[in-house]
Amino acid sequence: KWFNDKKTAIITGDPEYKLPYSNENDQDTLVINSKQITFFNEYNSAIFSGDVELKLGELLAISDSLNHMPDSALTVLSGTPTIWRETDRLSGDSILLYFEEKELNRIVVEGEGVIRSEAMLGKDVYNNLSGDKLIISIINDSTRFVRAQGNARGEYHIWDESEVYQGENISTANMIDILLEGNKAQNINLLGSTSGTFYPPRFVPKSQVGSGTEGNTTE
């Protein structure tokens, strides 16, 4: 349906939206599925609503609503949004995707942000980082810089060079910065009102069992 007075179009019937990011690689195509799309011609933006799914390469995002703004290189997911990248999961009240030259280069999570990442391949154990706001800068396919600010909390599982499990470190701070390479944290900085506790394998808190630690902490 086209509404000429409002310069608005509404498409229903499970529409699929595709925006090629490269003519050579289908994996770089942005695909958005939803129940309805509302296009705003004046603002060159579109709102997707109802069972929204966004796919971009290895990323799968789901949300209740999505606002796509090509001119500002910004896409906003709201309504219990979650992003999956294989076993890694990112969630919060709203998630903002920033693009530069058609490449995703930054993700910002506003409100109760939580990122869960695999601590070591094949171990079914996960690290967790949470905060009032999360900022993820994508450096390349395997390296990213993550900042949690406001009530920041980190839970990191540690292995030695022989892949023997050493335990878990739980830290809190006003801000936590982590440099991730692959599935391992290469550098962790805690800023402002910091505290932390290290737990050897046998003393890892029972609350962490839900993060995949059960049955793996004694390896």
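Cut-offs used in this document
Residues numbered from 1 in each chain as written. Predicted model: local features only at pLDDT ≥ 70, side-chain atom pairs only at ≥ 80, totals over all residues. Heavy atoms only, no water. Helix = DSSP H or I, 4+ residues; strand = E, 2+ residues; numbered from the N terminus. Buried < 20%, exposed > 50% of the residue type's maximum accessible area, 1.4 Å probe, protein only. Contact = heavy atoms within 4.5 Å. Areas by Shrake-Rupley, 256 points an atom, 1.4 Å probe, with all protein chains shown as cover. Polar contact = N/O pair within 3.5 Å; in protein donor to acceptor, adjacent residues only side chain to side chain. Pairing = 2+ DSSP bridges. Core = buried A, V, L, I, M, F, W, Y, C linked by side-chain atoms within 4.5 Å. Phe/Tyr/Trp six-rings, centres within 6.5 Å; stacked < 30°, edge-to-face > 60°. Lys NZ or Arg CZ within 6 Å of the ring centre and 35° of its normal.

### A word on the overall build of the protein
Secondary structure assignment for the protein yields zero helices and 17 strands. Taking all 219 residues of the protein together, the buried fraction comes to 41%. A sequence separation of at least 24 residues applies to 38% of the contacts in the protein between residues at least 6 apart. Total accessible area on the protein stands at roughly 12,100 Å², and carbon and sulfur atoms take up 47% of it.

### Quick look at the side chain of Asn127
In this structure, Asn127 sits in strand β13 (residues 126–138). Here Asn127 falls in the buried class, since its relative accessible area comes to 12%. For Asn127, the side chain forms a polar contact with the main-chain nitrogen of His157, separated by 2.7 Å. The residues touching Asn127, leaving out its near neighbours within four places in the chain, are Ile115, Arg116, Ser117, Ala119, Glu155, Tyr156 and His157.

### Let's talk about the pairing of strand β9 (residues 82–85)
Remember that side chains alternate between the two faces of the sheet whenever the strand is regular. Judged from the four bridges that link them, strand β7 (residues 59–69) and β9 form a sheet pairing that is antiparallel. Of the residues in β9, the one forming a bridge with Ala61 is Ile83. Sheet topology places β9 next to strand β10 (residues 88–91); four bridges connect them, and they run antiparallel. Looking across to β10, one finds that Arg85 is bridged to Asp88. Once β9 ends, the chain turns through two residues before running back antiparallel as β10, passing Glu86 with a positive phi of about 55°.

### What about the environment of Thr143?
Here Thr143 shows up in strand β14 (residues 143–159). Linking Thr143 and Lys184, residues 41 residues apart in sequence, is a C-alpha distance of 9.6 Å. Each residue touching Thr143, except ones within four places of it in the same chain, is listed here: Ser137, Ile138, Leu179, Leu180 and Glu181.

### Comments concerning the nonpolar core
Within the largest apolar cluster, 33 residues are counted, with the highest numbers of intra-cluster contacts made by Ile32, Phe48, Leu54, Leu90, Leu97, Ile107 and Leu129. For this core, the elements supplying multiple residues, two or more each, are β4 (30–33), β6 (45–56), β7, β11 (94–100), β12 (103–118), β13, β14 and β15 (165–181). By size, the runner-up hydrophobic cluster in this structure holds six residues, among which are Val125, Trp159, Tyr165 and Val204.

### Quick word on the environment of Asp88
Mapping Asp88 onto the fold places it in strand β10. Residues in contact with Asp88, not counting those within four places in the same chain, are Ile83, Arg116, Ser117, Glu118 and Arg144. In terms of polar contacts, Asp88 uses its side chain to reach the backbone amide nitrogen of Glu118, at 3.0 Å.

### Description of the packing of aromatic side chains
A complete count under the given rule lists two aromatic pairs for this structure. Between Tyr17 and Phe48, the ring centres sit 5.4 Å apart and the planes meet at 70°, which makes this aromatic pair edge-to-face. With Tyr17 in strand β3 (residues 16–19) and Phe48 in strand β6, this residue pair connects regions lying 31 residues apart in the sequence. When sorted by exposure, Tyr17 lands in the same class as Phe48, which is buried. The ring of Tyr98 has Arg106 lying over it, and the distance from NZ or CZ to the ring centre is 4.1 Å. Over the face of the ring belonging to Tyr126 we find Arg116, whose NZ or CZ atom lies 3.9 Å from the ring centre.

Bear in mind that shape data such as this cannot, by itself, settle questions of function.
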